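Residue strings, one per chain:
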Amino acid sequence: MTALADPTAPPPAPSAAPRPPAGGRRGRPPRRRPSGAGRTLHAGPLAYGILVLAVLVSAFPFYWTLVAASRSNADLAQAPPALVPGPHLIRNFEAVLEEAEIGKALLNSLVVSGSVTLGTVLCCTLAGFAFAKLRFRGRGALLAVTVGTMMIPPQLGVIPLFMLVAELGWVNQLQSVILPGLVSAFGVFFMRQYLVQSLPDELIEAARVDGASTARVFWSIVVPIARPGMAVLGLLTFMASWNDFFWPVVALSSSEPTVQVALRQLGGGYVHDQSVIMAGTLLGTLPVLLVFGLLGRQIVGGIMQGAVKG
């Protein structure tokens, strides 16, 4: 006979559900996180040592310019030379102002470099947007011709350019230096490549659906997105225009000099005063450092934006 179950006994506990195999529901191996995911990378002593060495090598020429500009010519002729700034910086600045029209040269260079930078950034951004996102006949051929002009040495165009400037009566005038540099093939190609990567086609199509014109699309959509690239192009253009020597010395005279032409006057004579030349070089370098300080945040932001994948 079978035994009767005790009615007062508690009900049996439900059996646990079977667990899936370790490899997943279908037997696949579990996914492993990448070794570097979610971790903060820390630089070691070697990386910091390389960075410090790179900073010292990069900053030493500017520091030596400061030291040479604050010393006398006799101090620079000593062996070994002094590595600490001296007391003659103000006197050397006064000598620069007396020997060359450095004040007028700084003003002329600011006008020329500022005008060239604004014109290049605006025109190259417009052309880059057209080549990157607009569809028109002959776009590829025009872009090829534009990029092809970068392979022509600029020295080959000096004689016809000077003949044109002379016909217009612009010799020894600042517009002879400003107008030829308002557009650059490098700037057009640079902004075209930047907008191809950074400007989605969906934004332009959405603006078109809302009834925006091409000009409205450029000012309201393209310019905010292209701002980091415009800052990089502006800095490169300002530095190139500020340091340009060959064309200004051809088109301008000593009465309307830029900084580089004025510094050339400091090297005249039988005995070169190296401390005065270094003082003039220091004065000519400060505006470039100021522009880099103003645009540095935009440049770093553009680099970080390009390094992060969407």
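Thresholds applied
Residues numbered from 1 in each chain as written. Predicted model: local features only at pLDDT ≥ 70, side-chain atom pairs only at ≥ 80, totals over all residues. Heavy atoms only, no water. Helix = DSSP H or I, 4+ residues; strand = E, 2+ residues; numbered from the N terminus. Buried < 20%, exposed > 50% of the residue type's maximum accessible area, 1.4 Å probe, protein only. Contact = heavy atoms within 4.5 Å. Areas by Shrake-Rupley, 256 points an atom, 1.4 Å probe, with all protein chains shown as cover. Axes fitted to C-alpha atoms, helices over the stretch in contact; angles between N-to-C directions. Parallel < 35°, antiparallel > 145°, perpendicular 65-115°, else oblique. Nonpolar A, V, L, I, M, F, W, Y, C, P; charged D, E, K, R; others polar. Core = buried A, V, L, I, M, F, W, Y, C linked by side-chain atoms within 4.5 Å. Salt bridge = Lys/Arg side-chain N within 4 Å of Asp/Glu carboxyl O. pLDDT = per-residue confidence, 0-100. Expected span 1.5 Å × (residues − 1). Left-handed = near helix turned anticlockwise from the far one by under 90°. Phe/Tyr/Trp six-rings, centres within 6.5 Å; stacked < 30°, edge-to-face > 60°.

**Here we look at the overall build of the protein**
Here comes step 1: For the protein, the helix and strand inventory stands at 14 helices and zero strands.
Here comes step 2: Its helices and strands in sequence order give the protein the pattern α-α-α-α-α-α-α-α-α-α-α-α-α-α, from N to C terminus.
Here comes step 3: Of all 310 residues assigned to the protein, the portion counted as buried reaches 30%.
Here comes step 4: Across the protein, contacts joining residues at least 24 apart in sequence account for 72% of those joining residues at least 6 apart.
Here comes step 5: With the model as given, the accessible surface of the protein reaches about 20,700 Å², and the carbon-plus-sulfur share is 66%.

**Re unusual backbone geometry**
Trans peptide bonds make up the majority, and among non-glycine residues the majority have a negative phi.
Here comes step 1: We note that Asn172 has phi near 65°; this positive angle belongs to a residue other than glycine.
Here comes step 2: Along the chain, Asn172 falls in the loop between helix H6 (158–168) and helix H7 (175–178).

**Here we look at the packing of helix H4 (residues 102–133) against helix H13 (residues 259–266)**
Packed helices, taken two at a time, are described by their axes: the angle between them and the distance between them.
Here comes step 1: At their nearest, the axes of H4 and H13 sit 8 Å apart, and the two run at 155° to each other. With respect to each other, H4 and H13 are oriented roughly antiparallel. Between H4 and H13, the residues in contact are Ile102, Ala105, Leu106 and Ser109 and Val259, Ala262 and Leu263, respectively.
Here comes step 2: Here the contact of H4 with H13 is built from residues that sort into six nonpolar, one polar and no charged.

**Re the nonpolar core**
Here comes step 1: Phe129, Leu195, Leu199, Val217 and Val222 are the most contacted members of the largest nonpolar core, which totals 22 residues.
Here comes step 2: If you list the elements that add at least two residues to this core, you get H4, helix H8 (185–198), helix H9 (201–209), helix H10 (214–225) and helix H11 (227–242).
Here comes step 3: Ranked by residue count, the leading element in this core is H10, at six residues.
Here comes step 4: The contacts of Val217, once residues within four sequence positions are left out, are Phe129, Ile204, Ala207, Ala212 and Val222.
Here comes step 5: The next biggest cluster of nonpolar side chains, apart from the first, holds 20 residues, and it includes Phe93, Leu235, Val276 and Ala279.

**What to know about the pattern of salt bridges**
Here comes step 1: As enumerated under the stated definition, the model contains three salt bridges in all.
Here comes step 2: A salt bridge links Lys104 to Glu256, with the nearest nitrogen and oxygen atoms 3.2 Å apart. Placement of Lys104 in helix H4 and of Glu256 in the loop between helix H12 (246–251) and H13 is noted, with a sequence separation of 152 residues between them.
Here comes step 3: On the basis of relative accessible area, Lys104 is assigned to the partly exposed category, the value being 34%.
Here comes step 4: The partner of Lys133 in a salt bridge is Asp201, and the shortest N-O contact between them spans 2.8 Å. Of the two residues, Lys133 is situated in helix H4 and Asp201 in helix H9; the sequence distance between them amounts to 68 residues.
Here comes step 5: Looking at Lys133, the relative accessible area reads 16%, which means it is buried.
Here comes step 6: Under the relative-accessibility criterion, Asp201 is labelled partly exposed at 35%.

**A closer look at the confidence of the model for the protein**
Here comes step 1: Summing up the model confidence of the protein, the mean pLDDT is 82 and the portion of residues at 70 or higher is 81%.
Here comes step 2: Throughout residues 306–310 the model reports pLDDT below 50, and contacts reaching past four residues in sequence, or to other chains, amount to zero contacts.

**Some details on H11**
Here comes step 1: In this model, H11 (16 residues) spans 22 Å end to end at C-alpha, consistent with the 22 Å of a helix rising 1.5 Å per residue.
Here comes step 2: Regarding H11, the residues found buried are Pro228, Gly229, Met230, Ala231, Leu233, Gly234, Leu235, Thr237, Phe238, Ser241 and Trp242.

**Notes on the packing of H4 against helix H5 (residues 139–148)**
Here comes step 1: In contact at an axis separation of 10 Å, H4 and H5 are set at 135° when each is read in the N-to-C sense. The pairing of H4 with H5 is recorded here as oblique in orientation. Crossing of H4 against H5: the hand is left-handed. Residues Ala130, Phe131 and Ala132 of H4 lie in contact with H5, whose contacting residues are Arg139, Leu142, Leu143 and Thr146.

**Notes on the environment of Trp64**
Here comes step 1: Structurally, Trp64 can be placed in helix H1 (residues 45–69).
Here comes step 2: Taking the C-alpha atoms as reference points, Trp64 and Val84, 20 residues apart in sequence, are found 8.9 Å from one another.
Here comes step 3: Trp64 has contacts with Leu76, Pro81, Ala82 and Leu83, leaving out every residue within four places of it along the chain.

**So, the side chain of Thr258**
Here comes step 1: Tracing the sequence through the fold places Thr258 in the loop between H12 and H13.
Here comes step 2: With residues up to four places along the chain from it excluded, the contact list for Thr258 reads Ala105, Ser109, Pro248 and Leu252.

**Overview of the packing of aromatic side chains**
Here comes step 1: For the structure on display, the rule yields five aromatic pairs.
Here comes step 2: With 5.2 Å between their ring centres and 80° between their planes, Phe218 and Trp219 make a pair best called edge-to-face.
Here comes step 3: On the basis of an interplanar angle of 20° and a centroid distance of 5.7 Å, the ring pair of Phe238 and Trp242 is categorised as stacked. You can see Phe238 and its partner Trp242 sitting in helix H11, four residues apart, about one turn around the helix.
Here comes step 4: Relative accessible area serves as the criterion here: at 8%, Phe238 is assigned to the buried category.
Here comes step 5: A residue is classified by how much of its surface remains accessible, and Trp242, at 2% relative accessible area, is buried.
Here comes step 6: Every member of this aromatic cluster is reached through a ring pair, and the members are Phe129, Phe218 and Trp219.

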